[in-house]
Amino acid sequence: SLKARKLSGVSEGCSDYISNPLSLRIFQWNVLSQSLGQFNDNFVKCPDEALEWHNRRFHMIEEIIEYCPDIICLQEVDHFNFLRYVLNTQGYTGMFFPKPDSPCIYIDGNNGPDGCAIFYRKDKYELVKKESRILEIWRVQSNQVAMLMILKVLETGKEICVVTTHLKARKGALLATLRNEQGRDLLNFLSTHCGDRPVILCGDFNAEPTEPIYSTLLNNKFNLSSAYADCKSSEEPPYTTWKIREEGEVCHTIDYVFYTKDKLEVDAVLEFPTGDEIGPDRVPSNNYPSDHFSLVCDFKLSY
Ligand code: NDP
Ligand code: CA
């Protein structure tokens, strides 16, 4: 069950993090688009009812608010209005940026395009600037996007730059090259807007740690580092998604939270459920509403 997931390192619960202006809990999740999940992905072991919106939407909300994050970064969002409406009751406000030609809109009964969204706590942050970008590959627009927010901590006036993205999916050498180019474009996007503020760059990069984009993102002037790897003796977790399609089981690490190492400190990360907890049919399932697990990281603003 979700409750089995633990934050390694620091205290459980929400109150510390809500009240402390020097701490920041970020929540990163590919929520699984409703249209793609139900009609496109073909999760062969997932019970149909688990994918029905009327069941799934409550699990989605539960998964997000259980950890009381300060900032929420989501991908594959195709029910932004629902999320905005519900998360508003929990003290959040947010924005959405759709993919230019989302595969969702070609599905019968779709709820619009999917895209990236960022939410933040209204009582802790003020929005300084919001930018969105259609990522370019060799200067040509792709079908992938990124969204950026500069947020000011109300109590201290300190600013942070939060960026989220969902890069091109699928396997292959050419696709890895395309993702790497999208990564380079992301870094230009950061250069244009982040200034010398601490950066948190998170998302579904659709790339394992061995792909070129992983080192591209870590080796540049931003001094970025991976929160999960840093918290777990320099190793990424074994998986951030685990699903069964017709072709077989897919279990690998493609979601990350990168951060500016000299300006932020990782206090803790949320553990992933074990194979036993997930169950033999993997995810999505009645217990886990997406084929990706959420990443939750506690940072201390150390600048
Ligand atoms: P991507 O290749 O980035 O993937 C789009 C979505 O498909 C992602 O959300 C991805 O999820 C999911 N996905 C990845 N692998 C599979 C799989 N094996 N089975 C089912 N879904 C999967 O797509 P683009 O946005 O670049 O769009 C191109 C794709 O979208 C084309 O492959 C085309 O099939 C489809 N498309 C169709 C259109 C049409 O019908 N006219 C128009 C536009 C797009 P995740 O990131 O979690 O892996
Ligand atoms: Ca997906």
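Up top is the structure.
So, a few notes on the structure that sits alongside this text. (Residues numbered from 1 in each chain as written. Chains lettered and ligands numbered in written order. Predicted model: local features only at pLDDT ≥ 70, side-chain atom pairs only at ≥ 80, totals over all residues. Heavy atoms only, no water.)

What about the pattern of salt bridges?
For the coordinates displayed, the defined rule picks out 13 salt bridges. With a closest N to O distance of 2.6 Å, Arg25 and Asp298 form a salt bridge. Here Asp298 lies in strand S14 (residues 295-301) and Arg25 lies in strand S1 (residues 23-30), a separation of 273 residues in the sequence. Classification of Asp298 as buried rests on a relative accessible area of 0%. Arg184 serves as the salt-bridge partner of Glu181, at 3.3 Å between the closest nitrogen and oxygen. You can see Glu181 and its partner Arg184 sitting in helix H5 (residues 173-193), three residues apart, about one turn around the helix. By relative accessible area, which is 15% here, Glu181 ends up buried. Overall, the relative accessible area of 47% leaves Arg184 in the partly exposed class. (Salt bridge = Lys/Arg side-chain N within 4 Å of Asp/Glu carboxyl O. Helix = DSSP H or I, 4+ residues; strand = E, 2+ residues; numbered from the N terminus. Buried < 20%, exposed > 50% of the residue type's maximum accessible area, 1.4 Å probe, protein only.)

Things to note about the site of ligand 1
The immediate surroundings of ligand 1 are formed by 19 residues, with Glu76, Lys99, His166, Lys168 and Asn206 found nearest. At 2.8 Å from an oxygen atom of ligand 1 is found a side-chain nitrogen or oxygen belonging to Glu76. At 3.3 Å, a side-chain N or O of Asp204 approaches an oxygen atom of ligand 1. Surface burial for ligand 1 is 72%, taken as the share of its 910 Å² of free accessible area covered by protein chains. The site holding ligand 1 turns out to be the largest pocket. Looking at the shell around ligand 1 residue by residue, the class counts come to four nonpolar, seven polar and eight charged. (Near = heavy atom within 4 Å. Polar contact = N/O pair within 3.5 Å; in protein donor to acceptor, adjacent residues only side chain to side chain. Areas by Shrake-Rupley, 256 points an atom, 1.4 Å probe, with all protein chains shown as cover. 1 Å grid on protein atoms, 1.4 Å probe; cavity = no way out; pocket = protein on both sides within 12 Å on 5 of 7 lines; lining within 4 Å. Sits in = over half its atoms within 2 Å of the grid points. Nonpolar A, V, L, I, M, F, W, Y, C, P; charged D, E, K, R; others polar.)

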